[in-house]
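These are the residues of each chain, in order.
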Amino acid sequence: MESLAPWLDRSLKQAWLACDESRLHHAFLVDSRPGWGADNFAAAWAAQLVGIEGDPRETAHPDVLWIEPDGSSLKIDQMREIIEFVGRSVQIGARKVVVVDCVETATIGASNAILKSLEEPAPNAHLILVTNAIDQLLPTIRSRCQRIALDSATEEECRDWLLGNGMNEDEIESLLIEYGNAPYSIFDAWQQKVASLRTRLLEVWNQPQRTVHLAGELRNAEIDDLLVRWMRLTERFAKSGQNHQVHLFWDDLVAARRSFYNVGSLNKQLQIERLLIRWSQLR
């Protein structure tokens with residue numbers, strides 16, 4: 001398996017030291033903020049539990065099942081797959097492991113099925129539930145798992161890791177604020193060649209006539225990701241104290257995000273254009 005980021009490696013060692021290998025809990029809840037590598041930790045934890053060195057997402061293993069959302073959510077049929085899997089005999093080692101990624105996206109039926117699996121654990125089977133939104137989980141699910149809260153990295157550690165993975169200082173700096181210092185989010189954005197929103201917003205200040213054109217470019221972005229990045233940049237701008245109207249613009253971003261959740265038919269480009277016009281007036 002590719003070496004873990006240092007903060008994940010720390011968490012892995014701490015979690016293993018805290019366990020009694022002869023009496024492992026039947027369920028673990030891996031909890032971290034978005035963009036800090038919870039899925040990579042879960043892969044390493046699953047490999048540790050079954051005694052392999054490879055990444056179970058890349059190399060199939062008969063005693064490991066990896067489940068992730070089908071579309072935008074985890075479905076009841078996927079939970080049936082889990083029940084069938086843990087009901088079979090262990091093939092190689094002493095344990096079977098199921099990783100359920102983004103468990104907070106489970107439908108009501110899927111959540112109830114997960115809860116039943118936690119209440120009636122199969123012998124020699126362990127669930128690893130992974131979430132970036134622990135507050136969205138049923139309290140009954142949280143209470144039946146051993147929680148593993150992942151370490152974060154210092155900004156220096158984050159920069160060193162990103163530099164070691166091929167980014168340069170300018171590339172890191174351009175994405176650091178809008179991705180909330182989250183190293184995996186920054187790295188993924190860089191790999192996907194996502195343009196810095198900060199740079200584009202500065203363009204609007206310098207060339208307000210580009211507002212409509214930029215709105216056309218940004219309409220293809222995932223709207224929630226775009227608005228969250230914009231909110232982080234706005235928060236940093238607000239801290240400078242240069243314009244008191246920026247707090248009202250923050251509220252506008254929050255309202256826009258809520259509207260996109262509640263009204264699926266909003267015209268994305270018009271909404272982005274409206275926000276860009278308001279942003280240009282903050283200069």
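Structure shown above.
What counts and what doesn't
Residues numbered from 1 in each chain as written. Predicted model: local features only at pLDDT ≥ 70, side-chain atom pairs only at ≥ 80, totals over all residues. Heavy atoms only, no water. Buried < 20%, exposed > 50% of the residue type's maximum accessible area, 1.4 Å probe, protein only. Helix = DSSP H or I, 4+ residues; strand = E, 2+ residues; numbered from the N terminus. Arc of directions from axis to C-beta. Contact = heavy atoms within 4.5 Å. Polar contact = N/O pair within 3.5 Å; in protein donor to acceptor, adjacent residues only side chain to side chain. Pairing = 2+ DSSP bridges. Right-handed = clockwise from strand over helix to strand, strands pointing away. Axes fitted to C-alpha atoms, helices over the stretch in contact; angles between N-to-C directions. Parallel < 35°, antiparallel > 145°, perpendicular 65-115°, else oblique. Left-handed = near helix turned anticlockwise from the far one by under 90°. Nonpolar A, V, L, I, M, F, W, Y, C, P; charged D, E, K, R; others polar.

Remarks on helix 7 (residues 169-176)
- Every buried residue belonging to helix 7 is among Ile172, Leu175 and Leu176, and all of these are buried. One side of helix 7 holds all its buried residues, which, seen down the axis, span an arc of 105 degrees.
- The secondary structure elements touched by the buried residues of helix 7 are helix 6 (155-164) and helix 8 (183-191).
- The N-cap residue of helix 7 is Asn168: its side-chain oxygen and the backbone nitrogen of Asp170 are 3.1 Å apart.

Overview of the side chain of Asp252
- Relative to the helices and strands, Asp252 resides in helix 12 (residues 246-262).
- Within the structure, Asp252 has its side chain in polar contact with the side chain of Arg278 (distance 2.9 Å).
- Non-local contacts of Asp252, meaning those with residues more than four positions away in its chain, are made with Arg274, Leu275 and Arg278.

So, the pairing of strand 3 (residues 96-100)
- Counting buried positions over the five residues of strand 3 gives five, a clear majority of the element.
- Of the two faces of strand 3, the one holding Lys96, Val98 and Val100 and the one holding Val97 and Val99 are both buried throughout.
- The pairing of strand 2 (residues 64-67) with strand 3 spans four bridges and is parallel. Residue pairing for strand 3: Trp66 is matched across the bridge by Val99.
- Taken together, strand 2, helix 3 (residues 76-87) and strand 3 form a β-α-β motif whose crossover is right-handed.
- In terms of strand pairing, strand 3 meets strand 4 (residues 125-131) through five bridges, oriented parallel. Looking at the pairing, Val97 lines up with His126 of strand 4.

Observations regarding the packing of helix 10 (residues 211-218) against helix 13 (residues 268-280)
- Taken N-terminus to C-terminus, the directions of helix 10 and helix 13 make an angle of 135 degrees; their axes are 9 Å apart at the nearest point. Classified by the angle between their axes, helix 10 and helix 13 sit oblique to one another. The chirality of how helix 10 crosses helix 13 is right-handed. Where helix 10 approaches helix 13, its residues Thr211, Val212, Leu214, Ala215, Gly216 and Leu218 are matched on the opposing element by Gln269, Ile272, Glu273, Leu276 and Ile277.
- In terms of residue class, the contact of helix 10 with helix 13 is built from seven nonpolar, three polar and one charged.

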